[in-house]
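# Remarks on the overall topology
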Amino acid sequence: MLLFELKKNSSTPLYEQLYASIKQAIIEANIPIGAKLPSKRKLAQFLAISQTTVELAYGQLLAEGYVSTKPRVGFFVEDLESIPLIDKPTTAPLQTEAPPAWRYSFHPGKIDSEHFPFSSWRKYAKDIFDESSKELLSLGDPQGELALRTEIAHYLYQSRGITCDAAQIVIGSGTEQLLPIIMRLLGDDAQFAVENPGYSALPRIHLQDVIPVSIDEDGLRVDELAQTNANVVYVTPSHQFPTGAVLSMKRRAKLLKWANEYDNRYIIEDDYDSEFRYIGKPIAALCGLDQNNKVIYMSTFTKSLMPSLRVAYVVLPPQLVQTYRRLFNYYSSTVPRFDQHILANFMRDGHFAKHLNRMRTIYRKKHDLLIEELQQYAPKIEVFGERAGMHLLIRLQHDETEQQLKQRALDAAIQIFTLSDYTSTKATSDSPTLLLGFGDLHETQIQKAVQALMDALHITKK
Ligand SMILES: Cc1ncc(COP(=O)(O)O)c(C=O)c1O
């Protein structure tokens, strides 16, 4: 008889304990192949458990193929060789590393965490989670909620000079998530050109031959682009990431002309980080100048609201909307409907515009303070790319390489990034260049943060 010790007070049900014990005995060959298991009644009696418990355990063993059954005869142990037992490879346990505790972080992607309008956001969140919104429990439009797309179209018209219909907008959970969709719309033959230095997502996603095109103080070198065989170019015209250059009017016209030369040419305009401009007048989006449906416009709420919201959007030219619907209408939206409505209502009632205005003042203050501090180290350092966004760049007169300087900062628990972190060709510039994000540095921290960084880099005031 099979004597198994079953724990009646355990949280594991008795039938599961019995099943696991018999299974183990079979695997270890303690019960030989072909052996008949005791009848349910006998085993139940022997172990002082119910017959149902034995029945459930035998049923599980049968379902997994450890035993077979002959009607009215009983259960028999199967030959394990015929069962596809999968040995789990022994792998080293994965380590979860705690994020480093930075003394100061100059991360260019960080936003101010002190002034988020929690109370109004909470109000809209509370309002939407109500029985009257029960319709939102079902799946919504794959392109995103019409209410949010309508608000975005309105915002783009008012603030970015873009006229578009809500039907052209697709909402997704981030630029990185939308880029592969755009790539698929443009077909497998598309040859992509990217800014160099630039945002690394596209080369990361499109691992093959993405063509790097240089940047100068007027933005993308369109003459260089024209020498390549690219038919799609990814640009950040209003605030080049990361150099901060603005694509000049002349270059904009040239770029649109380049796109108009062939039917399969497109411009992907990423308007990331263009909401906050501190010097000069606002720069309208390139998409607003496009007369021939050549610009695929994309933007995100990552900087204007929060990176964790995971809401970005793309405005497709009408001819690509049809392709999108054919290829993607079976996919559900990646952004929860409730979140989309919170954001739509927040925008509808003017809170988004108010938040942007308020944050513009806050970021301007931090920006000015940072420049004031950095200027004390001129001419050893030169500030540029400081007109907009949440970071600026400093060019250093230094013998050490960017990576050496970065390492010194990291050793002092200061998080910084270098220009070569964003270049596809690994040639570094003659003068090491660092990116200094100020989004989440508190105004009272800026002076100390700059001092600590300059100490770590061994740069003294003039
Ligand atoms: C140019 C550019 N676009 C977009 C993003 C990220 O956008 P999202 O948060 O929507 O994925 C980044 C992030 O660094 C970026 O540098």
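The numbers attached to residues start from 1 for each chain and follow its sequence in the written order. Only residues with pLDDT of 70 or above have their local features reported here, since the model is predicted, and side-chain atom pairs are shown and tallied only from 80 upward, although totals for entire chains, interfaces and linings are computed over all residues. Heavy atoms from the whole structure form the basis of all side-chain values; hydrogens and water molecules are not counted.

### Concerning the sheet that holds strand E15 (residues 417-418)
Let me state the cut-off plainly: Only strands that DSSP links by at least two bridges are regarded as paired with each other. Where helices and strands are cited, they refer to DSSP runs of H or I of at least four residues and of E of at least two residues respectively, numbered from the N terminus.
A sheet is described by the order of its strands in space; here four strands give the open sequence E12-E13-E16-E15, paired in antiparallel fashion. The strands lining the two open edges of the sheet, one partner per strand, are strand E12 (381-384) and E15.

### Focus on the pattern of salt bridges
In a structure, side chains of opposite charge can pair up when their charged atoms sit close to one another. Put simply, the test is: The term salt bridge refers to a pairing of a side-chain nitrogen on Lys or Arg with a carboxyl oxygen on Asp or Glu at a separation within 4 Å. For every residue, the accessible area (1.4 Å probe, protein chains only) is compared with the maximum for its type, and the residue is labelled buried under 20%, exposed over 50%, or partly exposed between those bounds.
Overall, the coordinates contain 15 salt bridges when judged by the stated rule. For Arg265, the salt bridge is made with Glu261, and the minimal N-O distance between the two is 3.0 Å. Under the relative-accessibility criterion, Arg265 is labelled buried at 11%. Here Glu261 falls in the partly exposed class, since its relative accessible area comes to 46%. A salt bridge links Lys406 to Asp421; its shortest N-O distance comes to 2.9 Å. On the criterion of sequence distance, the pair formed by Lys406 in helix H13 (residues 402-411) and Asp421 in the loop between E15 and strand E16 (433-437) is long-range, its members being 15 residues apart. Look at Lys406 and you get buried, because its relative accessible area is 14%. By relative accessible area, which is 28% here, Asp421 ends up partly exposed. Bridged by salt links that share partners, the residues Glu135, Glu145 and Arg337 form one connected network.

### A word on the site of the ligand
Put simply, the rule reads: By convention in this text, a residue qualifies as near a molecule or strand provided that one of its non-hydrogen atoms is within 4 Å of it. Pairing of N or O atoms within 3.5 Å defines a polar contact, subject to two protein rules: one partner must be a possible hydrogen donor and the other a possible acceptor, and residues neighboring in sequence count only if both atoms are side-chain atoms. Computed with the Shrake-Rupley method and a 1.4 Å probe, the accessible areas treat only the protein chains shown as cover for residues.
Around the ligand, the surrounding shell consists of Gly174, Thr175, Glu176, Tyr199, Tyr234, Phe241, Asp270, Tyr272, Thr300, Thr302, Arg310 and Ala312. Between the ligand and Asp270, the relevant distance is 2.6 Å, taken from a nitrogen atom to a side-chain nitrogen or oxygen of the residue. Expressed as a share of its isolated accessible area of 400 Å², the protein-covered part of the ligand is 88%.

### Considering the packing of aromatic side chains
In this description, a pair of aromatic rings is defined by centroid distance and the angle of the planes. The condition is simple: To pair, rings of Phe, Tyr and Trp, with the six-membered ring standing in for Trp, must have centres within 6.5 Å; the planes then decide the type, stacked if under 30 degrees apart, edge-to-face if over 60, and tilted in the middle. Whether a charge lies above a ring is judged from NZ of Lys or CZ of Arg, which has to be within 6 Å of the ring centre and within 35 degrees of the ring normal.
Using the criterion set out here, one finds 16 aromatic pairs in the structure. Measuring from centroid to centroid gives 5.0 Å for Trp121 and Phe346, while their planes differ by 65°, and the two rings are edge-to-face. Residue Trp121 is found in helix H4 (residues 118-128), and its partner Phe346 is found in helix H11 (residues 337-348); the two are separated by 225 residues along the sequence. Note on Trp121: relative accessible area 13%, which makes it buried. One aromatic cluster is present, built from ring pairs that chain together Phe116, Phe118, Trp121, Tyr124 and Phe346. Its end group placed over the ring of Phe76, Lys70 keeps NZ or CZ at 4.4 Å from the ring centre. Over the aromatic face of Phe384 sits the side chain of Arg395, whose NZ or CZ is 4.1 Å from the ring centroid.

### Examining unusual backbone geometry
Of note, the amide linkage connecting Phe241 to Pro242 takes the cis form, showing an omega dihedral of 10°. Positive phi is not limited to glycine here, since Ala29 has a value of about 60°. Topologically, Ala29 is positioned in the loop between helix H1 (14-27) and helix H2 (40-47). Classification of Ala29 as exposed rests on a relative accessible area of 55%. In this structure, Asn293 is a non-glycine residue whose phi angle is positive, near 55°. Here Asn293 lies in the loop between strand E9 (266-270) and strand E10 (295-300).

### A few points about helix H14 (residues 446-457)
For clarity, the threshold we go by: The length a helix should cover is 1.5 Å for every residue beyond the first.
Over its twelve residues, H14 extends 16 Å from the first C-alpha to the last, a length consistent with the 16 Å expected when each residue adds 1.5 Å. Ile446, Ala449, Val450, Ala452, Leu453, Met454, Ala456 and Leu457 are the residues of H14 that are buried. Looking one or two residues beyond H14, the residue adopting positive phi is His458, at roughly 60°.

### What to know about empty space enclosed by the protein
For the record, the criterion: Cavities and pockets were defined on a 1 Å grid built over protein atoms only: a cavity is a set of grid points that admits a 1.4 Å probe from which the probe cannot escape, a pocket is an open set flanked by protein on both sides within 12 Å along at least five of seven lines, and lining residues are those with an atom within 4 Å of any such point. Grid points are joined across faces, edges and corners, and a volume is the space filled by probe spheres set on the points. Polarity classes work like this: nonpolar for Ala, Val, Leu, Ile, Met, Phe, Trp, Tyr, Cys and Pro, charged for Asp, Glu, Lys and Arg, and polar for all others, with Gly in that last group. Domain start and end points were adopted from an automatic or database domain assignment.
What the rule picks out here adds up to two cavities of 30 Å³ or more. As a volume, the largest cavity reaches approximately 70 Å³. The wall of the largest cavity is formed by Ile111, Asp112, His115, Phe116, Phe276, Lys303, Ser304, Leu305, His355, Met359 and Tyr363. Taken together, the residues of the lining of the largest cavity break down into six nonpolar, three polar and two charged. Summarising the domain contributions, the lining of the largest cavity has at least three residues from each of domain 2 (104-109 + 354-457) and domain 3 (118-350). Considered as a void within the structure, the second largest cavity measures approximately 30 Å³ in volume. Tyr155, Arg160, Asp271, Ser274, Glu275, Tyr297, Ser299 and Tyr313 are the residues that line the second largest cavity.

### Focus: the UniProt feature "domain: HTH gntR-type" (unreviewed entry) in the protein
Put simply, the rule reads: UniProt positions are given in the numbering used here, feature names are shortened, and annotations may be inferred rather than shown by experiment.
According to UniProt, the positions carrying the feature "domain: HTH gntR-type" (unreviewed entry) are residues 12-80. For residues 12-80, the end-to-end C-alpha separation is 26 Å, with 51% helix and 12% strand making up the annotated structure.

### Considering the environment of Arg326
One can find Arg326 in helix H10 (residues 318-328). Accessibility expressed as a relative area gives 58% for Arg326, which makes it exposed. Put simply, Arg326 and Asp273 are 53 residues apart on the chain and 32 Å apart in space, counted from C-alpha to C-alpha.

### Regarding the pairing of strand E6 (residues 211-216)
Relative to E6, strand E5 (residues 192-196) runs parallel, the two being bridged by four bridges. Across the sheet, residue Glu195 finds its bridge partner in E6, namely Val213. Of the pairings in the sheet, the one linking E6 to strand E7 (residues 219-220) comprises two bridges and is antiparallel in character. Of the residues in E7, the one forming a bridge with Asp216 is Gly219. Two successive antiparallel strands, E6 and E7, enclose a turn made up of two residues.

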